[in-house]
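Examining the three-dimensional arrangement
This is what each chain is made of:
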There are 2 protein chains.
Amino acid sequence: MPSYQAPLKDMMFVLNDMLELERYRNLPGFADATPDLVAAILEEAAKFCENELAPLNRIGDEKGCVRHPDGSVTTPPGFKEAYEKFVEGGWPSLTNPVEYGGQGLPHVVGFAFEEMLISANMAFAMYPGLTNGAIAAIYAGADEELKDRYLPKMVEGRWTGTMNLTEPHCGTDLGLIRTKAEPEADGSYRITGTKIFISAGEHDMSENIIHLVLAKLPDAPKGTKGISLFLVPKFLVNDDGTLGERNPVTCGAIEEKMGIHGNSTCVLNYDGAKGWIVGRPNEGLKNMFIMMNAARLGVGLQGLALSEVACQNAVAYAKDRLQGRALSGPKYPDRPADPIIVHPDVRRMLLDARSFNEAARALGLWGALQVDLTHKAESQEERLAADDIISLLTPVIKGVFTDMGFDNCVKAQQVFGGHGYIREWGMEQFVRDARIAMIYEGTNGIQALDLVGRKLALNGGRALRTYFGVLEAFMKEAAGEEGMDRFLEPLERAVKRLQKATMWLMENGMKDRDNAGAVAVDYMHLMGLVALGHMWAQMARVARRKLAEGAGDSRFYENKIRTGEYFMARWMPETRARLAKIEAGAAPIMALADDDF
Amino acid sequence: MPSYQAPLKDMMFVLNDMLELERYRNLPGFADATPDLVAAILEEAAKFCENELAPLNRIGDEKGCVRHPDGSVTTPPGFKEAYEKFVEGGWPSLTNPVEYGGQGLPHVVGFAFEEMLISANMAFAMYPGLTNGAIAAIYAGADEELKDRYLPKMVEGRWTGTMNLTEPHCGTDLGLIRTKAEPEADGSYRITGTKIFISAGEHDMSENIIHLVLAKLPDAPKGTKGISLFLVPKFLVNDDGTLGERNPVTCGAIEEKMGIHGNSTCVLNYDGAKGWIVGRPNEGLKNMFIMMNAARLGVGLQGLALSEVACQNAVAYAKDRLQGRALSGPKYPDRPADPIIVHPDVRRMLLDARSFNEAARALGLWGALQVDLTHKAESQEERLAADDIISLLTPVIKGVFTDMGFDNCVKAQQVFGGHGYIREWGMEQFVRDARIAMIYEGTNGIQALDLVGRKLALNGGRALRTYFGVLEAFMKEAAGEEGMDRFLEPLERAVKRLQKATMWLMENGMKDRDNAGAVAVDYMHLMGLVALGHMWAQMARVARRKLAEGAGDSRFYENKIRTGEYFMARWMPETRARLAKIEAGAAPIMALADDDF
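Nothing here was measured: the structure is a model prediction, and the numbers come from that model.

Looking now at helix H9 (residues 344-376) of chain A. Taking 1.5 Å of rise per residue, 33 residues should cover 48 Å, and H9(A) covers 47 Å from first to last C-alpha, within 8% of that figure. Where burial is concerned, most of H9(A) is hidden: 32 out of the 33 residues are buried.

Before going further, it helps to examine a positive patch on the surface. Residues A:Arg493, A:Arg576, B:Arg493 and B:Arg576 make up a contiguous surface patch of positive charge. Position of B:Arg576 relative to the elements: it lies in helix H16 (residues 574-584). Given a relative accessible area of 31%, B:Arg576 falls into the partly exposed group.

Once that is clear, we can look at the pairing of strand S6 (residues 208-215) of chain B. All names here are of chain B. Burial within S6 is extensive, with 8 of its 8 residues counted as buried. Side chains Asn208, Ile210, Leu212 and Leu214 project from S6 onto one buried face, and the interleaved Ile209, His211, Val213 and Ala215 project onto a second face that is buried too. Sheet topology note: the strand S3 (residues 159-164)/S6 ladder contains 6 bridges and is parallel. What sits directly across from methionine 163, in S6, is leucine 212. With 6 bridges connecting them, S6 and strand S7 (residues 228-233) associate as antiparallel partners. Considered in S7, the bridge of histidine 211 is made with valine 232.

Okay, the interface of chain A and chain B next. Taken together, the 88 residues of chain A in the interface contact 88 residues of chain B. Contact between chain A and chain B buries roughly 8200 Å² in total, counting both sides, with carbon and sulfur atoms accounting for 58%. Taken as a group, A:Tyr421, A:Arg570 and A:Phe597 account for 11% of the area that chain A buries against chain B, more than any other trio of residues on that side. Linking chain A with chain B are 8 salt bridges, by the criterion used here. For A:Asp594, the salt bridge is made with B:Arg347, and the minimal N-O distance between the two is 2.8 Å. For the pair chain A and chain B, the number of links is 48 residue pairs in polar contact (both at pLDDT 80 or more).

We now examine the relation of the copies chain A and chain B. For the match of chain A to chain B, the screw axis carries a shift of 0.0 Å, the RMSD comes to 0.0 Å, and the turn is 180°. Given the turn and translation reported, the copies of this chain are related as if by a two-fold rotation axis. Residues of chain A ranked by C-alpha distance from the rotation axis are headed by A:Ala577, positioned 3.0 Å from it. A share of 100% of interface residues in chain A that are also interface residues in chain B marks the association as one of identical surfaces.

As a further point, take the pattern of salt bridges. Taken as a whole and judged by the stated rule, the model has 92 salt bridges over all chains. The salt bridge partner of B:Asp450 is B:Lys455, with a shortest N-O separation of 3.0 Å. Overall, B:Lys455 belongs to the buried group, its relative accessible area being 5%. Taken together, the shared-partner salt bridges connect A:Asp10, A:Glu115, A:Glu308, A:Arg354, A:Glu358, A:Arg361 and A:Lys560 into one network.

Moving on, we get to the pairing of S3(B). When you tally the buried positions in S3(B), you get 6 out of 6 residues, the bulk of the element. Judged by which residues are buried, S3(B) turns out to be covered on both faces: B:Trp159, B:Gly161 and B:Met163 on one side and B:Thr160, B:Thr162 and B:Asn164 on the other are all buried.

What follows concerns the packing of helix H8 (residues 344-376) of chain B against helix H9 (residues 380-415) of chain B. Residue and element names in this part refer to chain B. The geometry of H8 relative to H9 is characterised by a closest axis approach of 8 Å and an angle of 160° between their N-to-C directions. Of the possible angle classes, the one that applies to H8 and H9 is roughly antiparallel. Relative to H9, H8 is oriented so that their crossing is left-handed. Here the contact of H8 with H9 is built from residues that sort into 18 nonpolar, 9 polar and 5 charged.

Residue and element names in this part refer to chain A. The full count for this structure, using the stated rule, is 39 aromatic pairs over all chains. Taking the centre distance of 5.8 Å and the plane angle of 65° together, the rings of phenylalanine 79 and phenylalanine 124 count as edge-to-face. Note that phenylalanine 79 is positioned in helix H4 (residues 79-88) and phenylalanine 124 in helix H6 (residues 122-141), a separation of 45 residues in sequence. There is no split in this pair, since phenylalanine 79 and phenylalanine 124 are both buried.

All names here are of chain B. The end-to-end C-alpha separation of helix H7 (residues 284-320) is 53 Å, in line with the 54 Å expected for 37 residues at 1.5 Å each. Taking the largest bend as the criterion, H7 deviates by roughly 25°, centred on isoleucine 290. The buried fraction of H7 amounts to 28 of the 37 residues, a majority that puts the element mostly inside the structure.

Residue and element names in this part refer to chain B. By the definition in use, this model includes 0 disulfides over all chains. Cysteine 65 carries a free sulfur, and the closest cysteine sulfur to it, the one in cysteine 266, is 7.8 Å from it. A residue is classified by how much of its surface remains accessible, and cysteine 65, at 14% relative accessible area, is buried. Cysteine cysteine 251 shares no disulfide, and the gap to the nearest cysteine sulfur, in cysteine 266, comes to 3.7 Å. Taking relative accessible area as the criterion, cysteine 251 reaches 2% and is therefore assigned buried.

Residues and elements named next belong to chain A. In this structure, glutamine 302 sits in helix H8 (residues 284-320). Only 2.7 Å separates the side chain of glutamine 302 from the side chain of tyrosine 440, close enough to count as a polar contact. When neighbours within four sequence positions are excluded, glutamine 302 is seen to be in contact with Ile118, Met122, Met126, Ala437 and Tyr440.

Residue and element names in this part refer to chain B. For proline 218, the position within the fold is in the loop between S6 and S7. Sequence separation of proline 218 and glutamate 182 is 36 residues, and the distance between their C-alpha atoms is 6.5 Å. Not counting chain neighbours up to four residues away, the residues in contact with proline 218 comprise Ala181, Glu182 and Pro183.

Conventions we followed
By convention here, each chain's residues receive numbers from 1 onward along its written sequence. Labels are handed out in written order, letters beginning with A for the chains and numbers beginning with 1 for the ligands. Predicted model: local features are reported for residues with pLDDT of at least 70 only, side-chain atom pairs are reported and counted for 80 or more only, and whole-chain, interface and lining totals are derived from all residues. Processing note: side-chain calculations cover all non-hydrogen atoms of the structure and skip hydrogens and water entirely. For the purposes of this entry, the term helix denotes a DSSP run of H or I that reaches at least four residues, the term strand denotes a run of E that reaches at least two, and both are numbered from the N terminus. The span expected for a helix works out to 1.5 Å for each residue beyond the first. Only protein chains enter the calculation, and the probe is 1.4 Å; a residue is then buried if its accessible area is under 20% of its type maximum, exposed if over 50%, and partly exposed in between. In this analysis, a patch consists of residues with relative accessible area above 30% that form no salt bridge, clustered at 9 Å for like charges and at 5 Å for the nonpolar side chains Val, Leu, Ile, Met, Phe, Trp and Tyr. With residues, only the protein chains shown are counted as cover, and all accessible areas are computed by Shrake-Rupley using a 1.4 Å probe. Every case where a carboxyl oxygen of Asp or Glu lies within 4 Å of a side-chain nitrogen of Lys or Arg is listed as a salt bridge. The convention is simple: Lys and Arg are positive, Asp and Glu are negative, and His and the chain ends are not counted. The atom standing in for a charge is NZ when the residue is Lys, CZ when it is Arg, CG when it is Asp and CD when it is Glu. Should DSSP find at least two bridges between two strands, the strands are taken to pair. We call two residues in contact whenever any of their non-hydrogen atoms come within 4.5 Å of each other. Accessible area, probed at 1.4 Å, shrinks when two parts are joined; the buried area is that loss added up over both. For this analysis, a polar contact is any N or O atom pair within 3.5 Å, provided that within protein one partner can donate a hydrogen and the other can accept it, and provided that sequence-adjacent residues contribute only side-chain to side-chain pairs. Fitting of the copies onto one another was done by least squares over C-alpha atoms, counting residues only where both copies have pLDDT of at least 70. Only the stretch in contact is used when a helix axis is fitted, and all axes are lines through C-alpha atoms; the angle between N-to-C directions ranges over 0 to 180 degrees. Should an angle fall under 35 degrees it is taken as roughly parallel, and over 145 as roughly antiparallel, whereas 65 to 115 is taken as roughly perpendicular and any remaining angle as oblique. Throughout, a crossing is termed right-handed when the near helix is turned clockwise from the far one, and left-handed when it is turned anticlockwise from it by less than a right angle. The residue classification treats Ala, Val, Leu, Ile, Met, Phe, Trp, Tyr, Cys and Pro as nonpolar and Asp, Glu, Lys and Arg as charged. All others, Gly included, are polar. Stacked, edge-to-face and tilted are the three classes for Phe, Tyr and Trp ring pairs, Trp counted by its six-membered ring, which pair at centre distances within 6.5 Å; planes under 30 degrees apart are stacked, over 60 edge-to-face, the rest tilted. Bend at a residue means the angle formed by two fitted axes: the first through the 7 residues ending at that position, the second through the 7 residues beginning there. Two cysteine sulfurs form what is called a disulfide whenever their separation falls within 2.5 Å.

This is how it looks when you write it as structure tokens:
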């Protein structure tokens, strides 16, 4: 069975040495987040994830969730008890607002914790993950009465949350939704319709479930401008905070899926369920997008987290499995064969994953820091810059992390040879679980369209200018520093390719929008490689500085540099192929008539 | 539920128009293979695959194989009956030797049939597929008495075959096997040991199962030079051909796998089972490799076949699913939304698969033709050239088809959005089934090492020279022809990159063998893209000729050219990145110490 060890050292390297969180001590929430406290929290979190959640991961996959004839759902053995410990440990409240009982710690710390949760048990992590998203949407959009009634219990983790968008006939195109909301005399609404693919939609882990539901008011405008957001609790909540009657929102079925069996993916039937509007009528997508954007970063994190745990287990196997001899002659002559880690092709698969993981962790944490700065930075200018960067990078983190993370899980499975295909080894579960992250919260194709069609153009291209500014400032600053050319040269080449691709898009995407759609995914991946390469160059620079300062554990910093050099040498050449594909444009893609497919 | 329609038209295009099978009418077996007969056979085969096998594919996945307490195994509902029809239809004997009751048709025809079998039901197709491999090994290596006793029933399909290599502690490194074979006074051997991952190892579909087993004689030399091959029947066969007593080879367990649940993957325990040697003592690997080489081509075909059926279903879904509007404005304004096939990114995923499928089919069939020519061509020179080419391309077909085929299945699943993750749609099964093909019959890493470490150097590099000769002759012949530059230019660039990579390997792979290991997979994929690009250039040329001749169905030929142009524009740029990775060499891969992973 796979095991998991939280990459604490690497996380602390990013938080303390690269991001230098101490620099932000003057900001709300950051003052409490001293390196010692953060280390203590993450160490405690690691123990919980390693010892309580990871052992349930296989059970969750094997047993799955069970729906009973009365519509109730039982989660896999151990999940309910683990969730109880999770709540008792105060984990749900970590980064949530202080005024509703949260600890108000920075998101960047919560992000590190969330990576561990997912690596240990992705299906489990989705329950609190969705709750956090629902909290963010309610916090941003609901009136005070709703917030006071729902948020404290959600922040505590006693109640969990869900997001309800998809219907049988519509997923990506939310303009088509049919679920309706009819106003009642008391200011509430009666919600009727069917929602599908609702993660954590019904289960036995929490006392109440708070559904956030997209629906249409009578006479709402057509399309996406006529969608409103509603809060629909499983149990109505009395004025004294106790639970009242059961709302008619029921689980019609649990989906049989490829993976994440430990999470109950439900068909939810709303039969005139009582709900309350969150935000203004017909502006539901705006508030749902607050949840969606947080969720997209969380899904991106799933790509990284599964790549991390899959890679860890592949490393352990590669060190243990004796098979054949090194091409250059026996390296462990006292054993009947060499461990397969001596083989370059095995190392290639491991290093593909590892060199991605470390850069993705840095990029994810940097991104999460931008989320904090968007709300908390001192100047309006800094807030805007942070918002620009995270708006631009959210689809990249979601799309690129999940694509590359899935590929890495496949590679980690490959290291096991035939055993990787056998269920009991657990590697194929990582592949099946990781697969969903490329699809939900907007498929990766939709992420690419969001990037190319919306984010690039936003505010006259300001976000992209801000981001190129960050890249150029860094490259200028680091230029000429010893040992940095192995990082800066490939990074500069890649940045130039990204600029060239952007120019191409500006020239060709306007006059024929199919050009934008055709190259979107390649552009997203090109930007992802630039962003990851940027992280590596930064980390290498920090590691060099640490070595120069004579910091302890020089091996850690040396290996950091070596792993980065691998990334620059073997991942960055992909930027060439991406640019060439972009420059091929829409013509080869659109040449066939629809009927000729 | 997915459906399947055999790509007959495309197959006939390759067989008749591109390979021009009629040119080989003077060769044994080919005379009977007139275009009309081949078309009739494949049409009949298509009906069988579409109507009998495809409907069992999901059932096979859901129900799997069941092992009973007595060690017997039941295949999924319908498999036994379908296999009975398969045998009654005479399908097992299609390409098998006439002297043992086979029809002796060319392999190239059998290969087209096999693609259909796998697309329709991969788990089912493995039973006859392994039988064919076992027939080939027995035919090549066993003495007349063994052949006469076993081959007729195997050719008829009444008995099936297996290959037994892997043991719990050894897969790739066969030198480590422990199964032992002790000689008996009657010339037979007593086989004792445990074999794992034995596909079709025990089941209820055939009257007898003929296991080909690698084992060691007492005092055999160490390593791979001390391995012999044995034929071990499930039931002993009396002199009159009737079945005798049960041999002590039993199924200890069925593996729980990620996919191909319809195939029984067994742990087989040999408890002094009676066996007969195939070929000479300690030369077992030689004959097993006859089976392995055939099996590797068959596994490569699995990559293509699943990519084909997955793509077919994704096309149907993309035409049917209404969601959003084309970026350039509504294309189907009378419908509530456009079908998603209007979106460039959806088309990209479909065309990635389709443009691979058509080229891979051509390459696979050309490769199968080389297998025929290796045995049947008139001159020794032609035989040698054919053998060179198929020896060189076997690891490429296995490794590249299964890597790309799996990726295409993932893309086809992606077209379905959330529905692609739900079991009932069947798309995730294609992904799970396709995954094994990258692993078994030698992982793709091993294929790449076979190519770079063995095939390139064989006979002083003769095979590679032969292959480059074929490429250059073609490019020279087609040069200057109208409309061909979109094919020839990218092909020439890719061939140059392959030559450059080969030079790099010759210079660096000798002095440091880790360099060869480090770049092997990239080299294999670079050669694969060259080979597929070569096929597209040939097919485009044929299609142009057909159009010029005013052949009917001009749409088919025009679309053939467009699909090829897509491949050249969007797949071929990958060759750049592959070369850049190759030139990075082993250094970044070997920099970390084993302990630092």
